[in-house]
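Tertiary structure, described
These are the residues of each chain, in order.
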Amino acid sequence: MKKIGFLSFGHWSDSPHSQTRSASDTLLQSIDLAVAAEELGADGAYFRVHHFARQLASPFPLLAAIGAKTERIEIGTGVIDMRYENPMYMVEDAGAADLIAGGRLQLGISRGSPEQVVDGWRYFGYQPNEGETEADMARKHAEVFLKVLEGEGFARPNPRPMFPNPPGLLRLEPHAPGLRDRIWWGAASNGTAAWAAQQGMNLMSSTLKFDEGGAPFHVQQAEQIRAFRKAWTEAGWAHEPRTSVSRSIFALTTDLDHAYFGDDGESTDQVGFIDGPQQAIFGRSYAAEPDVLIEQLAQDEAIAEADTLLLTVPNQLGVDYSAHVIENILVHVAPALGWR
């Protein structure tokens, strides 16, 4: 385990029990949590993206704000649904945010998960071509995004431009050098993990995947990572890829920890259906005293296989408590698992 970050779903609710009662609360507290996580020594601050929901949806203003407020921590998404994205405009937004952050963006993108409305991407002006699926559309958007991120010129310049042009074809600006190698694909199957490797993207694996063989979740996820690395080697990419897994992990060190998450210690893998007829498997949560957690996590094959672990945080409990959750893992658990 080389890096540990957090992953926030960015919920808000007008419930009296929530510390994030509005979108403003969530956005501002997300910035504060990233700053706090950097001060604690965490390696990454990642955020979910969901449309038509009381959750974070437009990542680039948030990522740019965090980039301006921090100096070291990686900043990313987990994941941006490419069915909704204009890849050209996204290149400009991502380039600007990455330059503000000094080259620290780690963007997770994907085909996306079920949303709050039926075919929500249609409201954004997108629909699959004849004979294609929405997943095909997402992959095409991703392929355009990756190609344009390379920074090669492709657009014919106006012979009488408003401003002087450099010679040759023009590219989108601002260009962020190196960002192309810091794009991750959120894969829910071994096949999509292999496809991500063929495209030269890093692998982001969540707390669920399609059930492919009936083994425990962490075993299947480790197999997915190995399939990704095999496909990466076969594709002949020169640089080393990165792989991440997400987990809900709570070290119980206070009475409040026990009150919030003590019952999660009995968590087990679950199976169900999230999108279509294929069965999915959902990974367990971990909640125990630090010494017990260390023993449990040492047996998680996917955590051992990945280089990055993303801790899901309960953002509606506020910045201070979410920072406490992160600190508990960094101080009491992670060193025994080989982190730093």
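In what follows, the structure referred to is the one given above.
Being a predicted model, the structure only gives us computed values, none of them experimental. (Residues numbered from 1 in each chain as written. Predicted model: local features only at pLDDT ≥ 70, side-chain atom pairs only at ≥ 80, totals over all residues. Heavy atoms only, no water.)

Section: the pairing of strand E1 (residues 3-8)
Buried residues dominate E1, accounting for five of its six residues. In the sheet, E1 pairs with strand E13 (residues 308-313) via six bridges, with the strands oriented parallel. Looking at E13, one finds that Ser8 is bridged to Val313. Looking at chain direction, E1 and strand E2 (residues 44-47) are connected through four bridges and run parallel. Residue Leu7 lies in a different strand from E2, and its bridge partner there is Tyr46. In this fold, the crossover linking E1 to E2 by way of helix H1 (residues 23-40) has right-handed handedness. (Buried < 20%, exposed > 50% of the residue type's maximum accessible area, 1.4 Å probe, protein only. Helix = DSSP H or I, 4+ residues; strand = E, 2+ residues; numbered from the N terminus. Pairing = 2+ DSSP bridges. Right-handed = clockwise from strand over helix to strand, strands pointing away.)

Examining the sheet that holds strand E7 (residues 208-210)
Within the open sheet, the three strands sit side by side as E7-E11-E10. Their pairing is antiparallel. The two strands at the open ends of the sheet, each matched to only one other strand, are E7 and strand E10 (270-272). Averaged over all adjacent pairs, the angle separating strand axes in this sheet is 25°, with direction ignored. Bridging between E7 and strand E11 (residues 280-282) involves three bridges; their strand directions are antiparallel. If you follow Phe210 over to E11, its bridge partner there is Ala280. Docked against the sheet, helix H6 (residues 217-235) engages E7 and E11, running at close to 70° with respect to E7. (Axes fitted to C-alpha atoms, helices over the stretch in contact; angles between N-to-C directions. Contact = heavy atoms within 4.5 Å.)

Considering the pairing of strand E6 (residues 202-205)
What you see with E6 is no split at all: Asn202 and Met204 on one side and Leu203 and Ser205 on the other are buried throughout. The sheet contact formed by strand E5 (residues 183-186) and E6 spans three bridges and is parallel. When the bridges of E6 are listed, Gly186 appears paired with Met204. Running through helix H5 (residues 190-198), the crossover from E5 to the neighbouring parallel element E6 is right-handed.

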